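# Overview (structure and organization)
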Amino acid sequence: MKVLKDILYKVNINAVVGSTNSVVNKIEFDSRKIGDNDVFVAISGTVTDGHKYIEKAISDGAIAVICEVLPDVLEDGVTYIEVTNSNSALAYMAANYYEQPSQNLKLVGVTGTNGKTTVTSLLYQLFKKAGYKVGLLSTVKIMVDDTTYKTSHTTPDSLTINKYLKLMNEAGVEFCFMEASSHGIHQNRTEGLYFTGGIFTNLSHDHLDYHHSFAEYRDVKKSFFDHLPKEAFALSNIDDKNGLIMLQNTEAKKYTYALKNYADYRAQILENDFGGLLLKLNETELWTKLIGNFNAYNILAIYGAADILGLEKEEILRLISELDNVSGRFQYFISDDRITAIVDYAHTPDALKNVLDTINTIRSKNEELITVVGCGGDRDKTKRPKMAHIASALSTKVIFTSDNPRSEEPQAIIADMEKGVEPQYFKKTLAITDRKQAIKTACQMAQPKDIILIAGKGHESYQEINGQRFDFDDYKIVQEFLKQLQK
Ligand SMILES: CC(=O)N[C@H]1[C@@H](OP(=O)(O)OP(=O)(O)OC[C@H]2O[C@@H](n3ccc(=O)[nH]c3=O)[C@H](O)[C@@H]2O)O[C@H](CO)[C@@H](O)[C@@H]1O[C@H](C)C(=O)N[C@@H](C)C(=O)N[C@H](CCC(=O)O)C(=O)O
Ligand SMILES: Nc1ncnc2c1ncn2[C@@H]1O[C@H](COP(=O)(O)OP(=O)(O)OP(=O)(O)O)[C@@H](O)[C@H]1O
Ligand SMILES: N[C@H](CCC[C@H](N)C(=O)O)C(=O)O
Ligand SMILES: [Mg+2]
């Protein structure tokens, strides 16, 4: 049983009309989910405005309304709370409703353009191997120790976050690692949470459809560190030019990691091939199955975090050498025909360049590198030509195809991509709208020793076309075709 005034603790309130002593059932920000005695939080969104649905919420049983603008007509028996920011109010209310679950475990947030899923998932694996009960909130899945839940967001809404943190409390979870996306931070989904630490991976081009400029995108990420408490730690990659900016105004204890600069946690790459990475980490050698320069950064981030969180250095090194690849992140196999197929979630120019650079560093250059790639519909259009340029410059053959076209015309997305291909590279490229056909064609083209990279969808188990999600799994599909087409 929850009393309204208790769940309003810490909410920035401008005005109250009605009683705050009523007992409320649950909190909802979608009028379509309202039931008797619920509190409705009206949020002004990117598509519509929750304030339009206040009347509907009340007629469906809401007894309290949280809003930024009070309606003209107020109904008797309903309590209206005017707040400055409904998203922020929702976040504090969610934390109060679930009894501050973030304070009962050590919560670490990971932010940056690339590497969040990798770092959080590896930390989850590492702390599990060290014998702890662990939680994970990631793009791929939510884990409450050993129980898996599906997720639709990288950083879910604040009600969902607190609901799962509460389940983690009940399961006795001690550490939770979560991704903090820029949308999540900007929409206050992470407000009101008590973080033990924050990790910054890197910052590059993404989501400039949502954040109006790169500076705004950077400052949203930085605000995550600005809000860390002083007992927390802030661990940042200072090889990234924005790494020190993240630490500029935080009260948290600052730590740094780098490959190219002097830092608290630093590493040197000794070997880098399809067998894994050999690193010299501070003064010790460390081997990992993970591949590619960018994973050296991810390893440093998890080593640093685990050290700060109190694990023994030697144990961390031993556990890192046992870690497995994260699903859809440089996930690869070698077929019976000795064709290497790699599935990677690279869906930004920077991530795609990293993956292709990594492959080009490792490969012998006598074989073909065939890249299959598309760009998502209803998302940042400016990345399309950039990704196509990178794919065509750094591969020997490229098949442009669909990612998740969503509501857009697939051919139009491919045409936006093709604008980025320089004339001398054009002859290397093909366009096949159907992703399955594109993967099949890559498999038909490939000869023994060639490498196929399928980029953009990683772990995703669906393809979204026109509001409908169809089963689709890059890894399974390429595995099947390479088997069927065996030479
Ligand atoms: C652009 C964006 O971030 N949108 C998120 C936002 O929705 P919105 O602002 O579009 O909401 P809206 O449809 O305008 O509705 C406004 C309000 O009216 C309410 N409403 C609406 C209709 C109605 O009948 N009744 C009603 O009450 C809605 O519940 C909502 O509260 O708030 C919703 C609730 O929290 C989110 O589910 C939704 O995520 C959408 C689905 C989404 O695709 N988000 C992506 C871009 C996202 O957040 N991605 C990041 C990762 C990005 C990355 O790093 O790669 C993530 O963390 O997942
Ligand atoms: N530290 C890194 N630096 C640059 N690229 C990376 C790094 N780690 C992973 N990548 C590349 O970026 C892709 C996305 O990685 P990952 O899923 O870990 O990032 P993310 O930050 O969780 O992305 P999202 O915003 O989609 O949730 C990977 O498939 C890999 O190609
Ligand atoms: N969380 C990212 C994922 C993009 C993945 C890509 N496959 C696409 O659908 O565009 C986003 O919403 O921008
Ligand atoms: Mg992620």
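Residues numbered from 1 in each chain as written. Chains lettered and ligands numbered in written order. Predicted model: local features only at pLDDT ≥ 70, side-chain atom pairs only at ≥ 80, totals over all residues. Heavy atoms only, no water.

## Description of the packing of aromatic side chains
Under the convention used in this document: Pairing of aromatic rings covers Phe, Tyr and Trp, the last counted by its six-membered ring, and requires centre-to-centre distances within 6.5 Å; plane angles under 30 degrees mean stacked, over 60 mean edge-to-face, and any other angle means tilted. Only DSSP runs of H or I with at least four residues qualify as helices, and only runs of E with at least two residues qualify as strands; both kinds are numbered from the N terminus onward. Using a 1.4 Å probe on the protein chains alone, a residue whose accessible area is under 20% of its type maximum counts as buried, one over 50% counts as exposed, and one in between counts as partly exposed. In this analysis the charged atom, NZ for Lys or CZ for Arg, is taken to sit over a ring once it is within 6 Å of the ring centre and within 35 degrees of the ring normal.
A complete count under the given rule lists 12 aromatic pairs for this structure. Note on Tyr 265 and Tyr 303: the rings are 5.9 Å apart at their centroids and 75° apart in plane angle, and the pair reads as edge-to-face. Placement of Tyr 265 in strand S16 (residues 265–273) and of Tyr 303 in helix H9 (residues 293–308) is noted, with a sequence separation of 38 residues between them. Summarising the burial analysis for this pair, Tyr 265 and Tyr 303 share the class buried. Just above the ring of Tyr 462 sits the side chain of Lys 457; from NZ or CZ to the centre is 5.1 Å.

## Things to note about the packing of helix H3 (residues 86–97) against helix H5 (residues 158–170)
Quick note on the threshold: Axis lines are fitted through C-alpha atoms, for helices just across the contact stretch, and the angle between N-to-C directions can take any value from 0 to 180 degrees. By the definition adopted for this analysis, an angle is roughly parallel if under 35 degrees, roughly antiparallel if over 145, roughly perpendicular if from 65 to 115, and oblique otherwise. Helix crossings fall into two classes, left-handed where the near helix is turned counterclockwise from the far one by less than a right angle and right-handed where it is turned clockwise. Should any heavy atoms of two residues lie within 4.5 Å, those residues are considered in contact. Each residue gets one of three labels, nonpolar for Ala, Val, Leu, Ile, Met, Phe, Trp, Tyr, Cys and Pro, charged for Asp, Glu, Lys and Arg, and polar for the others, Gly among them.
Two elements in contact, H3 and H5, have axes whose closest approach is 8 Å; the angle formed by their N-to-C orientations is 20°. The pairing of H3 with H5 is recorded here as roughly parallel in orientation. Where H3 crosses over H5, the two elements pack in a sense that is right-handed. Contacts between H3 and H5 involve Leu 90, Ala 91, Ala 94 and Ala 95 from the former and Ser 158, Leu 159 and Asn 162 from the latter. Across the contact of H3 with H5, the residue classes break down as five nonpolar, two polar and no charged.

## Some points on the sheet that holds strand S20 (residues 340–344)
This is how the line gets drawn: Whether two strands pair comes down to DSSP finding at least two bridges between them.
The six strands are arranged S19-S20-S24-S21-S22-S23 in an open sheet whose pairing can be described as mixed. The open sheet terminates on both sides in strands that have one partner only, identified here as strand S19 (331–334) and strand S23 (429–431). Mean inter-strand twist for the sheet, computed between neighbouring axes without regard to direction, equals 15°. Pairing of strand S21 (residues 369–373) with strand S24 (residues 451–455), which is carried by five bridges, proceeds in the parallel orientation. From the neighbouring strand, Thr 371 faces S24, where its bridge partner is Leu 453.

## Quick look at the pairing of S24
Judged by how many residues are buried, S24 sits mostly within the fold: five of five residues are covered. A two-sided burial pattern is seen for S24, the buried positions comprising Ile 451, Leu 453 and Ala 455 on one face and Ile 452 and Ile 454 on the other. The pairing of S20 with S24 spans five bridges and is classified as parallel. Directly across from Ile 342, in S24, lies its bridge partner Leu 453.

## With respect to the coordination of the magnesium ion (ligand 4)
The cut-off we apply is this: In this analysis a donor is any N, O or S atom within 2.8 Å of a metal ion (3.2 Å for sodium, potassium and calcium), and since water is not included, sites may seem incomplete.
All of the protein donors around the magnesium ion (ligand 4) are Thr 117 (OG1), Thr 139 (OG1) and Glu 179 (OE); their distances to the metal are 2.1 to 2.2 Å. Using a relative accessible area of 6% as the deciding quantity, one classes Thr 117 as buried. For Thr 139, a relative accessible area of 14% corresponds to the buried category.

## Structural notes on the domain arrangement of the chain
Heads up, the condition is: The split into domains, and so the bounds of each, comes from an automatic or database assignment of domains. Accessible area that two parts lose when put together, with a 1.4 Å probe and added across both, is what the buried area reports. The salt bridge criterion pairs a side-chain nitrogen of Lys or Arg with a carboxyl oxygen of Asp or Glu, the two atoms within 4 Å. Between N or O atoms, a polar contact is any pair within 3.5 Å; within protein, one atom must be a potential hydrogen donor and the other a potential acceptor, and residues adjacent in sequence are included only when both atoms are from side chains.
On domain assignment, one finds that the chain holds domain 1 (2–86), domain 2 (98–320) and domain 3 (331–484). A C-alpha centroid distance of 34 Å is found between domain 1 and domain 2. Where domain 1 abuts domain 2, roughly 410 Å² becomes buried across the two surfaces, and 66% of that area is made up of carbon and sulfur atoms. Looking at the side of domain 1 facing domain 2, the largest losses of area belong to Lys 2, Ile 27 and Phe 29, adding up to 63% of the total buried there. On inspection of domain 1 and its partner domain 2, the count reaches one salt bridge. A salt bridge links Lys 2 to Glu 99; the nearest nitrogen and oxygen atoms lie 3.9 Å apart. Viewed at the interface, domain 2 and domain 1 are joined by zero residue pairs in polar contact (both at pLDDT 80 or more). The residue makeup of the side of domain 1 that touches domain 2, split by class, is two nonpolar, two polar and two charged.

## Description of the packing of helix H12 (residues 383–394) against helix H13 (residues 410–418)
Where H12 contacts H13, the axes come no closer than 6 Å and their chain directions differ by 65°. Crossing handedness for the pair H12 and H13: right-handed. Mapping the contact onto sequence places Arg 384, Pro 385 and Ala 388 in H12 and Ile 413, Asp 416, Met 417 and Glu 418 in H13. Its residues placed into classes, the contact of H12 with H13 shows four nonpolar, no polar and three charged.

## Concerning the sheet that holds strand S7 (residues 79–83)
Reading across the sheet, the five strands line up as S2-S7-S6-S5-S4 and stay open at both edges, with mixed pairing between neighbours. A strand with exactly one partner marks an edge of an open sheet, and here the two such strands are strand S2 (13–17) and strand S4 (27–28). As defined by bridge partners, strand S5 (residues 39–41) adjoins strand S6 (residues 64–67) across three bridges and the pair is classed as parallel. Residue pairing in the sheet places Val 41 in a bridge with Ile 66 of S6.

## Side note on the site of ligand 2
Selection rule: We call a residue near a molecule or strand as soon as one heavy atom of that residue lies within 4 Å of the molecule or strand. Each accessible area is a Shrake-Rupley estimate made with a 1.4 Å probe; only the visible protein chains count as cover when residues are assessed.
Near ligand 2 there are 20 residues, and of these Thr 117, Thr 118, Arg 329, Asp 344 and His 347 occur at the shortest range. One of the side-chain nitrogen or oxygen atoms of Lys 116 is found 2.8 Å away from an oxygen atom of ligand 2. Here Tyr 345 contributes a backbone N or O atom positioned 3.3 Å from an oxygen atom of ligand 2. When ligand 2 sits alone it has 620 Å² of accessible area, and the protein chains cover 96% of it. Where the shell around ligand 2 is concerned, the elements lending two or more residues are helix H4 (116–129), H9 and helix H11 (349–362). Here the residues of the shell around ligand 2 are counted per class, giving five nonpolar, 11 polar and four charged. Structurally, the shell around ligand 2 is a two-domain feature, drawing no fewer than three residues from each of domain 2 (98–320) and domain 3 (331–484).

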